[in-house]
Each structure stands twice: as C-alpha cells, then as structure tokens.
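What follows is the residue order along each chain.
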Amino acid sequence: MAKHDFLKGSKASRIIWHQAQGIAGQPGRSLDAALFSGQVAFASGERGTYIGCEIVGTIEDPGAFSGNAIILLADGSVSTQTFVGRSETANGPDRFAGTGTWRMESGTGRFAGLQGSGPFRWSMIGDDYEEEFSD
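Here's a quick rundown of the structure. Just so you know, these numbers come straight off a predicted model, no measurement behind them.

Calculation rules
Residues numbered from 1 in each chain as written. Predicted model: local features only at pLDDT ≥ 70, side-chain atom pairs only at ≥ 80, totals over all residues. Heavy atoms only, no water. Helix = DSSP H or I, 4+ residues; strand = E, 2+ residues; numbered from the N terminus. Rg over C-alpha atoms; globule rule 2.2 N^0.38 Å. Buried < 20%, exposed > 50% of the residue type's maximum accessible area, 1.4 Å probe, protein only. Areas by Shrake-Rupley, 256 points an atom, 1.4 Å probe, with all protein chains shown as cover. Pairing = 2+ DSSP bridges. Core = buried A, V, L, I, M, F, W, Y, C linked by side-chain atoms within 4.5 Å. Phe/Tyr/Trp six-rings, centres within 6.5 Å; stacked < 30°, edge-to-face > 60°. Salt bridge = Lys/Arg side-chain N within 4 Å of Asp/Glu carboxyl O. Contact = heavy atoms within 4.5 Å.

A few points about the overall build of the protein
Step number 1: When its secondary structure is counted, the protein shows zero helices and eight strands.
Step number 2: The linear arrangement of helices and strands in the protein, starting from the amino end, is β-β-β-β-β-β-β-β.
Step number 3: For 135 residues, the compact-globule estimate of 2.2 N^0.38 gives 14 Å, and the C-alpha radius of gyration of the protein, at 15 Å, lies within 12% of that figure.
Step number 4: The proportion of buried residues among the 135 residues of the protein is 36%.
Step number 5: Total accessible area on the protein is roughly 7,500 Å²; 55% of this is exposed by carbon and sulfur atoms.

Here it is as structure tokens:
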C-alpha cells in the first residue's frame, strides 16, 4: 500500500467515556471531554484501530471541538493526528453532525515520514460516531 493510501478513508467508533464540566458564570454551558475507540478503514481496504480524546466547546464557541487521535495498524505502525472542527447540526438530543480538518503529526513504521491533512465530515447518533476523511 502506498503512503498516500493512508490519507483517505472512514472511521467508526464508540464514545467510551464522557464528562461535562460546567462553565462558571455561564448557566447551561459546559465543556465536554470525550474518549473514544474504534476502527479506521482506509481507501485501500486496509484497516486499523484508533483511539482518541477531544474537548467539545470553548468559552467563546460551544460548537467548536479539538482533539488527538492515534491509529495502530496490525504490523505495529502508529500514526498520531490532531483535529479541529465544529458541530453544524443537531437533529435531536442524540443526533449531531459537523465538519473539521485533521493533520498527521507523526508516525512510525509505514506512517514514518508521512505528512498530510484534510477535511472530514462526521455524524453521531448517541455514542456511535462515523467519519469520512480525505486529503
């Protein structure tokens, strides 16, 4: 598989921990921390496991989020990535969607020396998350 094949694909995960922290002086507002784990399927068909954490909301923008993800392949190759974005729609109390950008920060094995970034679209129903990403 060519290195550029790691820059497009999809992710499916489940939120495994979530905590909301109220913002002092801003009733009804919170910053939300989440930890998730799931599978990534690259455009080539290769699969990997990924884990990540994110913070949703800022004092200025409740829809903004940022976080980090680690992807692990079966051969032990590891990629670390960062991402930022925002929630764009809320189709009910447990249905959300939005867009963002991701960036490859570092890698080992087959990810070594790989640089890339691009857009992603995501949706979430309850604790189930799906994402499509590209370069």
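Don't stop here, the text continues.
With respect to the pairing of strand β7 (residues 117–125)
Step number 1: Alignment of strand β6 (residues 95–107) against β7, held across nine bridges, turns out to be antiparallel. When the bridges of β7 are listed, W102 appears paired with G118.
Step number 2: Direction of pairing for β7 relative to strand β8 (residues 128–133): antiparallel, over a ladder of six bridges. Bridge pairing in β8 places I125 opposite D128.
Step number 3: Hairpin connection, β7 to β8: the antiparallel pair is bridged by two residues, and G126 has positive phi, about 60°.

Side note on the nonpolar core
Step number 1: Counting residues in hydrophobic clusters, the biggest one holds 23 residues, and the most contacted among them are F42, Y50, F83, W102, F111 and F120.
Step number 2: If you list the elements that add at least two residues to this core, you get β2 (30–42), β3 (47–56), β4 (64–72), β6, β7 and β8.
Step number 3: If one sorts the elements of this core by residue count, β2 sits on top with four residues.

Quick look at the packing of aromatic side chains
Step number 1: Under the defined criterion, the tally for this structure stands at 13 aromatic pairs.
Step number 2: Relative to Y129, the ring of W122 has its centre 6.0 Å away and its plane inclined at 20°; by these criteria the two rings are stacked.
Step number 3: Judged by its relative accessible area of 9%, W122 is buried.
Step number 4: Under the relative-accessibility criterion, Y129 is labelled buried at 15%.
Step number 5: Through successive ring pairs, a cluster of aromatic residues spans F36, Y50, F65, F83, F120, W122 and Y129.

Notes on the pattern of salt bridges
Step number 1: The tally for this structure, following the rule as stated, stands at six salt bridges.
Step number 2: Note that R110 is salt-bridged to E46, the shortest N-O span being 2.5 Å. Taken as a pair, R110 in the loop between β6 and β7 and E46 in the loop between β2 and β3 lie far apart in primary sequence, 64 residues in all.
Step number 3: Note that R86 is salt-bridged to D61, the shortest N-O span being 2.3 Å. On the criterion of sequence distance, the pair formed by R86 in strand β5 (residues 78–90) and D61 in the loop between β3 and β4 is long-range, its members being 25 residues apart.
Step number 4: According to the relative accessible area criterion, D61 is partly exposed, its value standing at 23%.

Quick notes on the side chain of K11
Step number 1: Its location among the elements puts K11 in strand β1 (residues 9–22).
Step number 2: Residue class for K11 comes out buried when judged on its relative accessible area of 8%.
Step number 3: Not counting residues within four places of it along the chain, the set of residues in contact with K11 comprises Q39, V40, Y50, I71, Q81, Y129, E130, E131 and F133.

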